[in-house]
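# Geometric and topological summary
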Amino acid sequence: MPMSCIACGDTASEISFKNCSVCRSVQYCSVECQKGHWPSHKGFCTKTSVLALFHAIQTNGTAEIKRLAKTKRVVNGKVDYTPTDWENAHEMKKWTPLHECIRKNNS
């Protein structure tokens with residue numbers, strides 16, 4: 001499947017697509033497309049990145065923690081989250097990376 005710009009759908013082979021630098025889940029053909037798509041991508045990007053940071057915390061993924069922790073909205077992001085490593089886990093409302101660090105450190 002060829003890469004395509006999430007904003008305009010362009011699939012031209014001569015384009016050097018760039019991934020979103022935070023979530024790395026979507027590709028853009030230009031800065032203009034990235035900026036134009038940002039309002040609709042921001043929520044997805046933040047949630048995906050916060051969950052990726054939780055995973056990195058749980059697995060001691062130091063490089064990924066350092067990369068994601070550079071983005072304030074990821075570090076301060078709040079998501080509804082159910083830990084996968086708790087026996088009787090329940091959904092945590094507005095869970096943050098700091099909560100996850102403390103939980104992981106105490107388990």
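We now turn to the structure provided with this report. (Residues numbered from 1 in each chain as written. Predicted model: local features only at pLDDT ≥ 70, side-chain atom pairs only at ≥ 80, totals over all residues. Heavy atoms only, no water.)

## As for helix α1 (residues 31–58)
- Taking 1.5 Å of rise per residue, 28 residues should cover 40 Å, yet α1 covers just 34 Å from first to last C-alpha, more than 12% shy of that figure.
- The largest bend along α1 reaches roughly 70 degrees and is located at Trp38, with the proline Pro39 sitting one to four residues downstream.
- Of all the residues in α1, the buried ones are Cys33, His37, His41, Cys45, Thr46, Ser49, Val50, Leu53, Phe54, Ala56, Ile57 and Gln58.
- Check the buried side of α1 and you find it contacts β2 (27–28), α2 (62–68), α3 (72–75), β3 (79–81), β4 (92–95) and α4 (97–105).
- Following α1 by one or two positions, Asn60 adopts a phi angle in the positive range, close to 55 degrees. (Helix = DSSP H or I, 4+ residues; strand = E, 2+ residues; numbered from the N terminus. Expected span 1.5 Å × (residues − 1). Bend = angle between axes of the 7 residues up to and from the residue. Buried < 20%, exposed > 50% of the residue type's maximum accessible area, 1.4 Å probe, protein only. Contact = heavy atoms within 4.5 Å.)

## Quick notes on the packing of α1 against α4
- In the contact formed by α1 and α4, the axes pass within 10 Å of each other and the chain directions differ by 20 degrees. One element, α1, and the other, α4, form an angle in the roughly parallel class. Helix-helix and strand crossings are classified by hand; for α1 and α4 the assignment is right-handed. Within the contact between the two elements, α1 uses Val50, Leu53, Phe54, Ile57 and Gln58 and α4 uses Pro97, Glu100, Cys101, Arg103 and Lys104.
- Residues that form the contact of α1 with α4 fall into these classes: six nonpolar, one polar and three charged. (Axes fitted to C-alpha atoms, helices over the stretch in contact; angles between N-to-C directions. Parallel < 35°, antiparallel > 145°, perpendicular 65-115°, else oblique. Left-handed = near helix turned anticlockwise from the far one by under 90°. Nonpolar A, V, L, I, M, F, W, Y, C, P; charged D, E, K, R; others polar.)

## Description of the nonpolar core
- Within the largest apolar cluster, 19 residues are counted, with the highest numbers of intra-cluster contacts made by Cys20, Tyr28, Phe54 and Val74.
- Put simply, the parts of the chain that give this core at least two residues each are α1, β3 and β4.
- Leaving out residues up to four positions away in the same chain, Tyr28 has contacts with Cys5, Ile6, Ala7, Ser16, Phe17, Lys18, Cys20, Cys33, Gln34, His37 and His41. (Core = buried A, V, L, I, M, F, W, Y, C linked by side-chain atoms within 4.5 Å.)

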